[in-house]
Amino acid sequence: MTPANSPAPDSPLPTASALASKARDFRLRMAVIDCETDAALDMTRDRHGRTVHADAAAAARAHRDKAAVEAYVTHLAPHAEALLDAARLALDALPPARHLTGWRAVLDGLASSAAEIRRALGRPAAPGSPAERAQHAALWPHLTAWADHSPIASNLADQRDGRHHQAPLTDEEQQLWTDRARAAQIRGALELTESWYAADGQPITLAYLVEDDDSTVVALRGDPGVPGWQVIGHFAHEYEAGKALPAPVPPGVLRSDISRFNRPAPAPELSLQDLIRDVVEGHSAGDASNALLGTVQRGYAAGPMVRLQELLETTSQFASALETVQGRQIAARLSALGRQIEFLTREVEEAAEDLGATVAVLPPHRTPVLRARPRPAVDTTPPAPPPRANTTARHR
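The model shown is predicted, which means the values in this text are computed figures rather than measured ones.

Q: Is there a simple way to explain the overall build of the chain in this structure?
A: The number of helices and strands found in the chain is 11 helices and four strands. Counting contacts in the chain only where the partners sit at least 6 residues apart, residues at least 24 apart contribute 66% of the total.

In structure tokens:
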């Protein structure tokens, strides 16, 4: 493990955008490492997701940890503190908004992780030793913190070097375009295409305003689903709008403790295809009953129907977290669908138990059909074909 080096005293300090680029390079490398590790870990599991080659899985994680440390040394070690300094300066210059407190906490957390990594890089263990593997494993949470959350620092640094939006419309023009856009929305001719949040916490939405077979790109500030939104600009195309409008900030997350690099081990599960096959290959009512019960099994190794209900409930939470009128409406629909799946799950469970209680097997007249028929011996004369019926053809 190579110690972290600071930029030479005489070397020019990188710009904030260049620092943000270094963080993006690190995140890209971490994404590649993550994909390679997932592929390696998949080879250590059976088809239900259970780890069956523990030593190979441990080796894959050790390789992952070492590669992540090397990526940090290459891309971020000399620049992490400077990036955080630039991000804090940009954060202090932003107008008050709900997300700034959370962003400041993220920057403080990244600073703590950078300090832990710097201390470890300054005292490297012997290469290839168990101590080095343990050191790399201890650094993994700090490295993934940078991979998960450095987009906030990068975006702040870019904001500091980036453009400052100037409203392109006068108050009179803004009211005129807002009235036109609201009229188009009423008649279904306002097509929303893209949405993001600006640094002040306000949502920006791009839309096509269609009038007389012609369309114009307009930018809306506010929730298009409730009264009060306004048009803040109109443009010939989306590229022009992107250059003139406030830059997007990183979107939020549904759950604050989720990391794409630290996913929990997948729970073993049976696919619907496997369960259908169990029914087709079964002989007794118990075989079919067990397959049905597998779909509604709850707990750690939950069945497909239970997972579907969980998906609907989680997506409902996501839609509600959008904090828009349409999002809340869709959240209510998904929540209702989840309750229907719960009712259906109970019905399937009762039917499966009733099926198992029949204590019956398939009747023997349902005989299998041989797929491969026996071939005749080489010196055997093939059987003569049946005689053709001597019938007179009918003519109309």
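Q: So what exactly am I meant to see when it comes to the sheet that holds strand 2 (residues 203–211) here?
A: Two modes of strand pairing occur in sheets, parallel and antiparallel, and in both the strands are linked by backbone hydrogen bonds. Overall, antiparallel pairing links the four strands, which are arranged 1-2-3-4 in an open sheet. The open sheet terminates on both sides in strands that have one partner only, identified here as strand 1 (190–197) and strand 4 (230–235). The sheet shows a mean angle of 25 degrees between the axes of neighbouring strands, direction not considered. With five bridges joining them, strand 3 (residues 214–221) and strand 4 adopt antiparallel strand pairing. Counterpart to A219 in the pairing with strand 4 is G233.

Q: Quick question: what am I supposed to make of the pairing of strand 3 here?
A: Here is the key point about a regular strand: its side chains alternate between the two faces of the sheet. Summarising the sheet, strand 2 and strand 3 pair through eight bridges and their orientation is antiparallel. Within strand 3, the position partnered with I204 by the bridge is R221. The antiparallel hairpin formed by strand 2 and strand 3 contains two residues in its connecting segment, where D212 sits at a positive phi of about 55 degrees.

Q: In this structure, what is going on with the pattern of salt bridges? I would like to understand it.
A: Working definition: two side chains of opposite charge can pair if their charged atoms are close together. All told, the structure shown has 20 salt bridges when counted by the stated rule. Between D46 and R50 there is a salt bridge, with its nearest N and O atoms 3.0 Å apart. With a closest N to O distance of 3.9 Å, R277 and D274 form a salt bridge. Here the residue R277 and the residue D274 both occupy positions in helix 8 (residues 272–281), the gap between them amounting to three residues, near one helical turn. The exposure class assigned to R277 is partly exposed, which follows from its relative accessible area of 35%. Three or more residues joined by partner-sharing salt bridges are found here, namely D34, D38, R260 and R263.

Q: Can you help me understand the nonpolar core in this one?
A: Generally speaking, a soluble globular protein has its nonpolar side chains buried in company with each other. Within the largest apolar cluster, 42 residues are counted, with the highest numbers of intra-cluster contacts made by F26, M30, Y72, W103, W146 and L156. Breaking this core down by element, the ones donating at least two residues are helix 1 (16–42), helix 2 (54–75), helix 3 (80–92), helix 4 (100–122) and helix 5 (130–161). Formed by 12 residues, the second largest nonpolar core is a distinct cluster that contains W177, A207, V218 and L220.

Q: What is the right way to read the environment of R298 from this model?
A: Relative to the helices and strands, R298 resides in the loop between helix 9 (285–295) and helix 10 (304–321). When near neighbours in sequence (up to four residues on either side) are disregarded, R298 contacts V306, Q309, E342, T345 and R346. In this structure the side chain of R298 is engaged in a polar contact, spanning 3.4 Å, whose partner is the side chain of E342.

Q: What is the right way to look at the side chain of S150 in this model?
A: Its location among the elements puts S150 in helix 5. Overall, the relative accessible area of 0% leaves S150 in the buried class. Sequence-distant contacts of S150, defined by excluding residues within four places in its chain, comprise A23, R27, L110 and A145.

Analysis parameters
Residues numbered from 1 in each chain as written. Predicted model: local features only at pLDDT ≥ 70, side-chain atom pairs only at ≥ 80, totals over all residues. Heavy atoms only, no water. Helix = DSSP H or I, 4+ residues; strand = E, 2+ residues; numbered from the N terminus. Contact = heavy atoms within 4.5 Å. Pairing = 2+ DSSP bridges. Axes fitted to C-alpha atoms, helices over the stretch in contact; angles between N-to-C directions. Salt bridge = Lys/Arg side-chain N within 4 Å of Asp/Glu carboxyl O. Buried < 20%, exposed > 50% of the residue type's maximum accessible area, 1.4 Å probe, protein only. Core = buried A, V, L, I, M, F, W, Y, C linked by side-chain atoms within 4.5 Å. Polar contact = N/O pair within 3.5 Å; in protein donor to acceptor, adjacent residues only side chain to side chain.

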